[in-house]
Amino acid sequence: MEEMTDKQMEVILNLVADKFAGCKDMSEVKKAIEEIRGLAKKDRPTEKNS
């Protein structure tokens, strides 16, 4: 498993922060969380492919 660099972590955190910055209420926050989790699941390699 590759280690994440500080720069990669900074980019990810900024993307997440930007996503939440646009939210006007909790329903938008919940939607943003679902979208972020969906991206995380899509990008993560599965056990079968390893």
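Residues numbered from 1 in each chain as written. Predicted model: local features only at pLDDT ≥ 70, side-chain atom pairs only at ≥ 80, totals over all residues. Heavy atoms only, no water.

Caption draft 1: Expanded view of a nonpolar patch on the surface. The grouping of M4, M9, I12 and L13 at the surface amounts to a nonpolar patch, some 360 Å² of accessible area in total. Along the polypeptide, I12 turns up in helix α1 (residues 6-21). Of the residues examined, I12 reaches a relative accessible area of 39% and is grouped as partly exposed. (Patch = residues over 30% accessible without salt bridge, like charges linked within 9 Å, V, L, I, M, F, W, Y side chains within 5 Å. Areas by Shrake-Rupley, 256 points an atom, 1.4 Å probe, with all protein chains shown as cover. Salt bridge = Lys/Arg side-chain N within 4 Å of Asp/Glu carboxyl O. Helix = DSSP H or I, 4+ residues; strand = E, 2+ residues; numbered from the N terminus. Buried < 20%, exposed > 50% of the residue type's maximum accessible area, 1.4 Å probe, protein only.)

Caption draft 2: Seen up close, the pattern of salt bridges. Taken as a whole and judged by the stated rule, the model has one salt bridge. A salt bridge links K19 to E35, with the nearest nitrogen and oxygen atoms 2.3 Å apart. Residue K19 is found in helix α1, and its partner E35 is found in helix α2 (residues 26-43); the two are separated by 16 residues along the sequence.

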